[in-house]
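Structure at a glance
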Amino acid sequence: RNLSFDTEEEALEEMLQRFGGVTYVRLVLHPHTGTPKGSAFAQFETLEGAQKCLEAAQEGPEGGGLRLDGRVLRMDPALSRDQAQQLRGAPGGTRPRTGTRNLYLAREGAIRPGSQAAEGVSDSDMAKRARDPNVGVSRTRLCLHNLPKALDTPRLRVLLRRTLCHNGGAPLHIKECRVMRELRGQGQSLGFAFVEFETHEEALGALRRLNNNPELFGPHKRPIVEFALEDRRKLRLREQRIQRGLAKAKAAKPTAPSEISQGHTDAPKGSGGQDPPGKAPPSGPSGTPWAGFRTQGPGVRGAPGTPRNKVLAVPSHRGPKIR
């Protein structure tokens, strides 16, 4: 138990083989999502190998035991099916569900492709059963939570420029920076904001630099930065509204050639205009432990066009990030 969700069966088997021959290693996966549950079963070829492994896992409360991927593993002899059923039926054997979010009902009634329940279901019906196909994670848009209530949009933009370009690098192209407020933007700050960058590299570097950073607002109020969830249907409607507005403005007042050269453009006009596009912001020195989990390598697993061998955890927080 207590395995990291990113631990592979091969890495666990390699660690266990120093105690003796291993017959098999199997990770326990969630029946609906297919994601690891943080536990696994392993069988040794001999009883001596299993006993050595159990003894090594019990050595000392501090600094001892078996560690893998930065986590201390908990080893116990596996129970048979009959023993597990007896414990489940005993008083206190079933753990009561706690909390008010009722997350255990999120997958109730789900039909997975390839399962027995999906036999005979048409492709059109399976497409309708897909969970929110229009909601996805943005690659360039971030959601910043846990912001001070006194922080407004101009001050946040200045803070981002100063923090992300402190090493003298090229300034960022921030396409959107907006602190969300009550009463259609006129009331008190809601404590979170949306920031969109020009490229995915800039957004990823900004997340790694800002997330959980104790230097921005103090160690007791650290920003929570995540890639924002976006509803593609609302994005399409927003783009259609913008195009209709541009068409009406063009029909009402044709733009002269002289006005095009002197009018508003998206190019930077010094410090007062938009940020010119530049390189990705520094992702923070390697000694910043507050940055959190990082995807490794130039080809991020799970990105479009790249092979995906591991099952990455899907963000479970849902709320104001959804557009």
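Residues numbered from 1 in each chain as written. Predicted model: local features only at pLDDT ≥ 70, side-chain atom pairs only at ≥ 80, totals over all residues. Heavy atoms only, no water.

Attention shifts here to helix 5 (residues 153–164). Along its 12 residues, helix 5 runs 16 Å from first to last C-alpha, staying within 8% of the 16 Å computed at 1.5 Å per residue. Every buried residue belonging to helix 5 is among Leu156, Leu159, Leu160, Thr163 and Leu164, and all of these are buried. Within helix 5, the buried residues cover an arc of 105 degrees as seen down the axis, which keeps them to one side. Of the exposed residues in helix 5, the ones pointing more than 90 degrees away from its buried face are Pro154, Arg155 and Arg162. Those residues of helix 5 hidden inside the fold are in contact with strand 5 (135–145), strand 6 (174–181), strand 7 (189–197) and helix 7 (200–210). Of the residues flanking the start of helix 5, the one acting as N-cap is Asp152, its side-chain oxygen 3.2 Å from the backbone nitrogen of Arg155. (Helix = DSSP H or I, 4+ residues; strand = E, 2+ residues; numbered from the N terminus. Expected span 1.5 Å × (residues − 1). Buried < 20%, exposed > 50% of the residue type's maximum accessible area, 1.4 Å probe, protein only. Arc of directions from axis to C-beta. Contact = heavy atoms within 4.5 Å. Polar contact = N/O pair within 3.5 Å; in protein donor to acceptor, adjacent residues only side chain to side chain.)

The element strand 5 is extensively covered by neighbouring structure, given that eight of its 11 residues are classed as buried. By the bridge criterion, seven bridges tie strand 5 to strand 8 (residues 224–231) in an arrangement that is antiparallel. Following the sheet pairing, Gly136 is matched in strand 8 by Glu230. Where strand 5 and strand 7 come together, four bridges link them in antiparallel fashion. The residue of strand 7 that forms the bridge with Cys143 is Phe194. (Pairing = 2+ DSSP bridges.)

To continue, consider the pattern of salt bridges. According to the stated counting rule, one finds five salt bridges in the structure shown. A salt bridge links Glu230 to Arg141; the nearest nitrogen and oxygen atoms lie 4.0 Å apart. Note that Glu230 is positioned in strand 8 and Arg141 in strand 5, a separation of 89 residues in sequence. A residue is classified by how much of its surface remains accessible, and Arg141, at 1% relative accessible area, is buried. A cluster of three or more residues bridged by salt bridges with shared partners is formed by Arg141, Glu176, Arg178 and Glu230. (Salt bridge = Lys/Arg side-chain N within 4 Å of Asp/Glu carboxyl O.)

Attention now goes to the nonpolar core. Core analysis: the biggest nonpolar cluster contains 21 residues, and Leu142, Leu144, Leu156, Leu160, Val195 and Phe197 have the highest contact counts within it. When contributions to this core are tallied by element, the ones reaching two or more residues are strand 5, helix 5, strand 6, strand 7, helix 7 and strand 8. At five residues, the largest contribution of residues to this core is made by helix 7. Every residue in contact with Val195, bar those within four places of it in the chain, is listed here: Thr140, Arg141, Leu142, Leu144, Leu156, Leu160, Ile174, Glu176 and Cys177. Among the nonpolar cores identified, the runner-up in size contains 16 residues, and Val25, Ala57, Leu66 and Leu73 belong to it. (Core = buried A, V, L, I, M, F, W, Y, C linked by side-chain atoms within 4.5 Å.)

So, on to the packing of helix 5 against helix 7. Orientation of helix 5 relative to helix 7, taken along the N-to-C sense of each, is 90 degrees, at an axis distance of 11 Å. When the axes of helix 5 and helix 7 are compared, the pair comes out roughly perpendicular. Between helix 5, through Leu160, Thr163 and Leu164, and helix 7, the contact on the second element is made entirely by Ala206, Arg209 and Leu210. Classifying every residue of the contact of helix 5 with helix 7 by side-chain character gives four nonpolar, one polar and one charged. (Axes fitted to C-alpha atoms, helices over the stretch in contact; angles between N-to-C directions. Parallel < 35°, antiparallel > 145°, perpendicular 65-115°, else oblique. Nonpolar A, V, L, I, M, F, W, Y, C, P; charged D, E, K, R; others polar.)

So, about unusual backbone geometry. One non-glycine residue with positive phi stands out, namely Asn146, at about 60 degrees. Structurally, Asn146 is set in the loop between strand 5 and helix 5. Of the residues examined, Asn146 reaches a relative accessible area of 29% and is grouped as partly exposed. In this structure, Asn212 takes a positive phi of about 60 degrees despite not being glycine.

Take the packing of aromatic side chains next. Across all of its chains, the model carries one aromatic pair by this definition. Where Phe192 meets Phe194, the ring centres are 5.9 Å apart and the plane angle is 85 degrees; that geometry is what we call edge-to-face. Here Phe192 matches Phe194 in class, with each residue buried. Taking the ring centre of Phe194 as reference, the NZ or CZ of Arg141 above it sits at 4.1 Å. (Phe/Tyr/Trp six-rings, centres within 6.5 Å; stacked < 30°, edge-to-face > 60°. Lys NZ or Arg CZ within 6 Å of the ring centre and 35° of its normal.)

Attention now goes to the side chain of Glu176. In this structure, Glu176 sits in strand 6. Among the polar contacts made by the side chain of Glu176, one reaches the side chain of Arg141 at a distance of 3.0 Å. In this view, Glu176 contacts Arg141, Arg157, Phe194, Val195 and Glu196; residues no more than four positions away in its chain are not counted.

Turning next to a positive patch on the surface. A surface patch of positive charge is lined by Arg238, Arg241, Arg244 and Lys248. Using a relative accessible area of 47% as the deciding quantity, one classes Arg244 as partly exposed. (Patch = residues over 30% accessible without salt bridge, like charges linked within 9 Å, V, L, I, M, F, W, Y side chains within 5 Å. Areas by Shrake-Rupley, 256 points an atom, 1.4 Å probe, with all protein chains shown as cover. Lys, Arg positive; Asp, Glu negative; His and termini not counted. Charge placed at Lys NZ, Arg CZ, Asp CG, Glu CD.)

Mapped onto the fold, Thr23 is located in strand 1 (residues 22–29). For Thr23, a relative accessible area of 47% translates into the label partly exposed. Spatially, the C-alpha atom of Thr23 lies 5.5 Å from that of Phe44, the residues being 21 residues apart in sequence. Discounting residues that sit within four places of it in the chain, Thr23 has contacts with Gln43, Phe44 and Glu45.

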